[in-house]
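# Residue-level structural notes
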Amino acid sequence: MKVFRKYAALYLMMLPIVIYFLVYSYYPLFKGLQISFQDYRLMGNRPYIGLDNYIKVVHDPIFWQSFVNTLVISVGILLFGFIAPLIIALSLNEVLNVWFKKAAQMILYIPHLLSWVVIGGMWIFLLSPDIGLVNQLLSRTIQLQPVHFLADSFWARWVMIGVATWKDMGYTCILFLAGIVSINPSLYEAARMDGASRWQQVRNVTLPQLANTMKVIFLLNTLGILRIFDQVFIFRNPSTASKVDVLMMYTYQKGIMDLQIGTAAAASFFVVLFTLILTLIVRKLTRFDEV
Amino acid sequence: MNRIRYDRQGALNKLFDTLNLLFLLFLMLTMIIPFLNVIALAFSSGVSSMQPDIILFPKQFSAEGFAIVWNSLDIWKPFLNSVIVTGIGTVLHVLLSSFAGYVLMHPFLPGKKLMVTFILITMMIPQEAIMIPLYVVNKDLHLLNTLTVLVLSGLVSGFSILLMRNFFLGVPYEMAESAKMDGAGELRIFSTMYMRLATPGLATVTLFEFVGRWNMFTAPVLFINDSTKYTLQVALKSMIIDANSTSGTYLLTTNVKMAGIIIAIIPLIAIYPFVQKFFMKGIMLGASKE
């Protein structure tokens, strides 16, 4: 009690934070689990129905379609969103002109700051078949017929992957550059003494020394990919929905649009399960724990 | 012999440098040209913005797009909502994160370990798992369709708390102790010493939160369907994107849509120089701590 009084002011400062997390993090987690076993209606009684919601989700072909979409789009974003910034970081690192290096970083970073509505609005327009810049360039240079990028089910997923990579590559690139900067310069000196060319230095010093940074970035990106929502919400349209609607979109439509709250809660626990599995796989593959 | 090899190596190096620069310039152009295209379209007249030959420069220069967005489409209402939510939300977020960061900085505080674990767990609770129950919670609290719910979404985050704590740990604890000897209370030490000495930390968290809140989209989509409570992002979404697919509604010319995009970008571009400075530090700090 005496201890408590001594630190009372500190505990009091902490109180709003604790209350906030209880109401907006912990309670919803348990509430969600409870709802997933209920026939949940906004009004009236909410009987427990066991695993019915989960069974319903497993037998819904649209859920599995969303699952496949999520997998394809996330793996695409994961791969391209990893390789592109890595190449850019290596390339930027070779530039000796400090001013150019800074300017390039600054410009590449801008899209990461903007919302998906802005990025989406821009690209939907740039990719439009009649007046979009991309189609104009394609038709002027290689005389291609206009491509309906956003209405074509083949292109829909590529647009998702491409724009997501474009938006975040400047940001990921900075993380890689931070890793490169922290490499011990004497390693490069030694390599140069041995007569290593620039390419050999990249291959034998930079890349192996960057392995840990790469693992961390890959793991963090993996945790994020099942969560893509804003982007899909903005880029989807009726003609491509079946190719791009991801699991979060499924949950949103079931829960908020159709008000089948129990089913949606069950679906979201599947998403959590997939996230866990994916994280475990990636941890095993990258042997993250050994870092 | 050696000399020839050296020369060839030098020439190869030069070639590589040139190609490398060209590659980076090309990438930068893919970032810049879309924005220039948007600006050119926004400043063109309504009719010419619908024709396919504007790339970098406006045609029939006019600002009518902006006038229409602001006056006829009343974008200032959602703009105001965004300003309110971003302003209040950011201030409260920074204040609460600093509170928690300050408390968790104390080396001998009983129960500190428990509090840290409590916060770390919230960082691991996946948002996708609680999207639906959050809707239910907010409905039970009668907060749906209010601006309050948008302020409350993400009001505190473990990430910001840990970031602030790391900055506070940089302030020597002996200073706090000696101030306490002189009879200063915790709140006083917090406000007059720690908040002032941790300015870079405060700036980092403020900017992160400002950008995040200005761009916030999922929360308003989930919790708001009364159009008078729309934020700028949601209003823009229905103006730019839904207008493409739904026919029959008021047809907007391209310059109007692009003007809307520019209005949403302006506050971010205005703070970009500061963001640039602090974000880099924040990113490093955050990345190495996660």
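What counts as what
Residues numbered from 1 in each chain as written. Chains lettered and ligands numbered in written order. Predicted model: local features only at pLDDT ≥ 70, side-chain atom pairs only at ≥ 80, totals over all residues. Heavy atoms only, no water. Salt bridge = Lys/Arg side-chain N within 4 Å of Asp/Glu carboxyl O. Helix = DSSP H or I, 4+ residues; strand = E, 2+ residues; numbered from the N terminus. Buried < 20%, exposed > 50% of the residue type's maximum accessible area, 1.4 Å probe, protein only. UniProt positions renumbered as here; feature names shortened; annotations may be inferred. Axes fitted to C-alpha atoms, helices over the stretch in contact; angles between N-to-C directions. Parallel < 35°, antiparallel > 145°, perpendicular 65-115°, else oblique. Left-handed = near helix turned anticlockwise from the far one by under 90°. Contact = heavy atoms within 4.5 Å. Nonpolar A, V, L, I, M, F, W, Y, C, P; charged D, E, K, R; others polar. Arc of directions from axis to C-beta. Phe/Tyr/Trp six-rings, centres within 6.5 Å; stacked < 30°, edge-to-face > 60°.

With that settled, consider the pattern of salt bridges. This structure, assessed with the given rule, holds 9 salt bridges over all chains. Note that R198 of chain A is salt-bridged to D17 of chain B, the shortest N-O span being 2.7 Å. Placement of R198 of chain A in helix α10 (residues 198-209) and of D17 of chain B in helix α1 (residues 2-42) is noted, with the two residues assigned to different chains. On the basis of relative accessibility, which here comes to 23%, the residue R198 of chain A falls in the partly exposed class. R213 of chain B is the salt-bridge partner of E209 of chain B, the closest N and O atoms lying 2.8 Å from each other. Pair noted here: E209 of chain B and R213 of chain B are both in helix α10 (residues 199-214), with a separation of 4 residues, about one helical turn. In this structure, E209 of chain B and R213 of chain B share a single accessibility class: buried. What emerges from the salt-bridge pattern is a single network uniting E94 and R198 of chain A together with D17 of chain B.

The UniProt feature table records "transmembrane region" (unreviewed entry) at residues 7-27, 71-95, 107-126, 169-188, 209-229 and 259-282 of chain A. The span residues 71-95 of chain A shows a helical share of 92% and a strand share of 0%, and its end C-alpha atoms are spaced 37 Å apart.

Residues and elements named next belong to chain A. Contact geometry for helix α8 (residues 153-181) and helix α11 (residues 211-225): axes closest at 9 Å, N-to-C directions at 155 degrees. Considered as vectors, α8 and α11 are oriented roughly antiparallel to each other. Every pair of crossing elements has a handedness; the one defined by α8 and α11 is right-handed. Residues T172, L175, F176 and G179 of α8 touch α11, and the partners they reach there are T213, M214 and I217. Classifying every residue of the contact of α8 with α11 gives 4 nonpolar, 3 polar and no charged.

All names here are of chain B. Taken as a whole, helix α2 (residues 64-72) has its buried residues at G65, F66 and V69. Along the long axis of α2, the arc covered by the buried residues comes to 100 degrees, so they all point the same way. Residues N71 and S72 are exposed on α2 and point more than 90 degrees away from its buried face. Residue D74 follows α2 closely and has a positive phi angle near 50 degrees.

A few words now on the packing of helix α9 (residues 186-197) of chain B against α10 of chain B. Residues and elements named next belong to chain B. Axis separation between α9 and α10 bottoms out at 5 Å; the angle between their running directions is 75 degrees. Considering the angle they form, α9 stands roughly perpendicular to α10. Contacts between α9 and α10 pair M195, R196 and L197 from the former with T199, P200 and L202 from the latter. When its residues are assigned to classes, the contact of α9 with α10 shows 4 nonpolar, 1 polar and 1 charged.

Taking the numbering used here, the UniProt-annotated feature "domain: ABC transmembrane type-1" (unreviewed entry) corresponds to residues 67-282 of chain A. Summarising residues 67-282 of chain A: 80% helix, 0% strand, and an end-to-end C-alpha distance of 18 Å.

A word on the packing of aromatic side chains. One pass over the structure, following the stated rule, counts 36 aromatic pairs over all chains. Plain terms: the ring middles of F37 of chain A and Y54 of chain A are 5.5 Å apart, the flat faces sit at 45 degrees to each other, and that makes the pair tilted. Remark: Y54 of chain A occurs in helix α3 (residues 52-58) and F37 of chain A occurs in the loop between α2 (8-36) and α3; sequence separation between them is 17 residues. We classify F37 of chain A as partly exposed; its relative accessible area is 28%. Here Y109 of chain A and Y272 of chain B contribute two aromatic rings whose centre-to-centre distance is 6.5 Å and whose plane-to-plane angle is 25 degrees, an arrangement assigned as stacked.

Following the UniProt record, the feature "transmembrane region" (unreviewed entry) maps to residues 21-43, 79-104, 116-137, 143-168, 189-208 and 258-275 of chain B here. Segment residues 21-43 of chain B splits into 96% helix and 0% strand. End C-alpha atoms: 32 Å apart.

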